[in-house]
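Survey of secondary and tertiary structure
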Amino acid sequence: MKTPVAITQDKINSLQCYVTGTDGPVGYGKTTLISALTHFLVLKLQKKMEDIISEFRKLNWNIDYNWLDLNIKKSMVEGYNTFEITDIIKYRYGYAFINKHDLGVERKYAMDMLDSYISAYIHSIKGITILSNSEFRCKLTGKLSKCYSSDMVYMKERWEQADWVIDDYTIIIDDDSNMDSFTNSLNFQKFAKADTGSPLFRRLIRQMYQGTVYLLSSSQSIKRIVLEERELIPCQIKNQKHCYVCCDFWRTQRIIERFVIKPLTKLEFIYLWLKYGKNNVEKALLKPNRFKKLMYKFTIYQYKLYSKGFVVYPTILDYGSDLVENEEFDFVVPVQFAFGALNSENFRYFQEIMTKNSTKRIEDVLDNDGSSEVHNQIFLKIIKRNSTEARMVSGF
């Protein structure tokens, strides 16, 4: 019988959605679900990479792969991309790839398969790339994500600027995509007029990259994303309830808390009270001691037990089609996939930048004590705002 995690992996593999969105209220687990999906997709792409390499080598058994792989590596060192390396090998050694294979349902030619093999082999060395607008470190590979911005998929703009960087075997994380005011539904006319090529990228993503690139996005409300992009999300995952953690070791955690941590806390207080006296015990409690060191070790052990648990996300899968019914599905993922990889408080730096830029502090704000000064300040702000809006509407 399959485990819930294996069922979740099978479900993700069966969706065949290269653009996936998640939405739901704040705190329901959209960001951590994106993190978990990313780890599952890393496993999926690693398996795909291995399968492509294995299939090519089985069918084209008469090629010396020590020689072929060495040539690919040399071209990589010289800075050539996948297509340039393919062209070089075809031009110099095309005679080695004349095999054709009748597989019953189709014929495969070694020359046509070469592009996929070279791409898979290159990325088996380079690893899978993760682009994210939030800090992300993959637990499976240990690699840190690269910075992502929504204009990186504007195909027409990137073509004009000649700075297209999205390669095969890439996972794109667009966390809280509502923040991009340009793709907000309020700006649909501006977006349509700009014709960036972003919808084109979403339409062609599977064929362009031979199923090796995925785009994951999260938003508090899918309806706030411009319709043209919203319709190109074949599967929208709706977080209908708060996610929750299941842990087989919760009893052990409670025993440690009740019979180890709490007694040690009391013993620490009694010991310091006897040693330093009633008047100095508060200060002594703020200093390091052996009790704190011992409690630290048990606390870390509790966290280790927690990390072996699973997170459950009750969701509704919305396929955006009248022909396919929505489906309820509980994603069950390891805690380590969901937490600690994607920083769910990444945008804290917004507050830091805003605070450092401000010349005013909270202490400068008047107390709302009902004084005439407070009333006058509120009155003037409302009157000035309304009069400004009235002039804008009237055109004066």
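A brief structural summary. (Residues numbered from 1 in each chain as written. Predicted model: local features only at pLDDT ≥ 70, side-chain atom pairs only at ≥ 80, totals over all residues. Heavy atoms only, no water.)

With that settled, the discussion passes to a positive patch on the surface. Together, R251, R254, R258, K262 and K266 give the surface a local cluster of positive charge. Considering the arrangement of structural elements, one finds K266 in helix 10 (residues 250-276). (Patch = residues over 30% accessible without salt bridge, like charges linked within 9 Å, V, L, I, M, F, W, Y side chains within 5 Å. Areas by Shrake-Rupley, 256 points an atom, 1.4 Å probe, with all protein chains shown as cover. Salt bridge = Lys/Arg side-chain N within 4 Å of Asp/Glu carboxyl O. Lys, Arg positive; Asp, Glu negative; His and termini not counted. Charge placed at Lys NZ, Arg CZ, Asp CG, Glu CD. Helix = DSSP H or I, 4+ residues; strand = E, 2+ residues; numbered from the N terminus.)

Following both chains from N to C, one finds helix 1 (residues 4-15) and helix 2 (residues 30-59) inclined at 75 degrees, their axes separated by 10 Å at the closest point. As summarised for this structure, helix 1 and helix 2 are arranged roughly perpendicular, according to the angle between their axes. Each of V5, T8, Q9, I12 and N13 in helix 1 lies in contact with helix 2, whose residues at this interface are L37, F40, L41, L43 and K44. Its residues assigned to classes, the contact of helix 1 with helix 2 shows six nonpolar, three polar and one charged. (Axes fitted to C-alpha atoms, helices over the stretch in contact; angles between N-to-C directions. Parallel < 35°, antiparallel > 145°, perpendicular 65-115°, else oblique. Contact = heavy atoms within 4.5 Å. Nonpolar A, V, L, I, M, F, W, Y, C, P; charged D, E, K, R; others polar.)

The subject of this paragraph is the packing of aromatic side chains. For the structure shown, the criterion picks out twelve aromatic pairs. The ring of F329 has K11 lying over it, and the distance from NZ or CZ to the ring centre is 5.7 Å. Above the plane of the ring of Y65 lies R57, whose end atom (NZ or CZ) is 5.4 Å from the centre. (Phe/Tyr/Trp six-rings, centres within 6.5 Å; stacked < 30°, edge-to-face > 60°. Lys NZ or Arg CZ within 6 Å of the ring centre and 35° of its normal.)

Now for the side chain of H101. Here H101 lies in strand 2 (residues 100-102). In terms of polar contacts, H101 uses its side chain to reach the side chain of N60, at 3.0 Å. Among all residues touching H101, those that are not within four sequence positions of it are L59, N60, E106, R107, K108 and M113. (Polar contact = N/O pair within 3.5 Å; in protein donor to acceptor, adjacent residues only side chain to side chain.)

Turning our eyes to something else, we now look at unusual backbone geometry. Its identity is not glycine, yet A162 carries a phi of approximately 55 degrees, on the positive side. Within the fold, A162 resides in the loop between helix 6 (155-161) and strand 6 (170-174).

In terms of burial, strand 1 (residues 19-23) is largely enclosed, as five of its five residues are buried. A two-sided burial pattern is seen for strand 1, the buried positions comprising V19, G21 and D23 on one face and T20 and T22 on the other. Where strand 1 meets strand 7 (residues 213-219), five bridges bridge the pair, whose relative direction is parallel. Paired with D23 across the bridge in strand 7 is S219. As paired elements, strand 1 and strand 8 (residues 235-239) share four bridges and run parallel to each other. Bridge pairing links T20 to C235 in strand 8. (Buried < 20%, exposed > 50% of the residue type's maximum accessible area, 1.4 Å probe, protein only. Pairing = 2+ DSSP bridges.)

Helix length check: helix 3 (residues 65-77) (13 residues) gives 18 Å between terminal C-alpha atoms against 18 Å at 1.5 Å per residue, within 8%. Every buried residue of helix 3 is accounted for by Y65, L68, D69, N71, I72 and S75. All buried residues of helix 3 project into a common sector of 155 degrees when viewed along the axis, lining one side. Among the exposed residues of helix 3, those oriented more than 90 degrees off its buried face are N66 and V77. As for helix 3, its buried residues are in contact with helix 2, helix 4 (82-93) and helix 5 (110-126). Of the residues flanking the end of helix 3, it is G79, one or two places downstream, whose phi is positive at about 90 degrees. (Expected span 1.5 Å × (residues − 1). Arc of directions from axis to C-beta.)

Judged from the four bridges that link them, strand 8 and strand 10 (residues 310-318) form a sheet pairing that is antiparallel. In the sheet register, K238 faces strand 10, and the bridge partner there is I316. As paired elements, strand 9 (residues 244-246) and strand 10 share three bridges and run antiparallel to each other. Note that in strand 10 the partner of C246 across the bridge is F310. Judged from the eight bridges that link them, strand 10 and strand 11 (residues 327-334) form a sheet pairing that is antiparallel. The residue bridging V311 from the neighbouring strand is V333, located in strand 11.

Note on pairing: side chains with opposite charge can pair once their charged atoms come close. Taken as a whole and judged by the stated rule, the model has twelve salt bridges. One salt bridge in this structure joins E327 and K11, with 2.8 Å as the shortest N-O distance. Highlighted residues: E327 in strand 11 and K11 in helix 1, separated in sequence by 316 residues. Residue classification places E327 among the partly exposed positions, given a relative accessible area of 26%. Accessibility expressed as a relative area gives 14% for K11, which makes it buried. One salt bridge in this structure joins K238 and D23, with 3.7 Å as the shortest N-O distance. Of this pair, K238 sits in strand 8 while D23 sits in strand 1, and the two are 215 residues apart along the sequence. D23 gets classed as buried once you look at its relative accessible area, which sits at 9%. Through salt bridges with shared partners, a single network forms among E157, R158 and D163.

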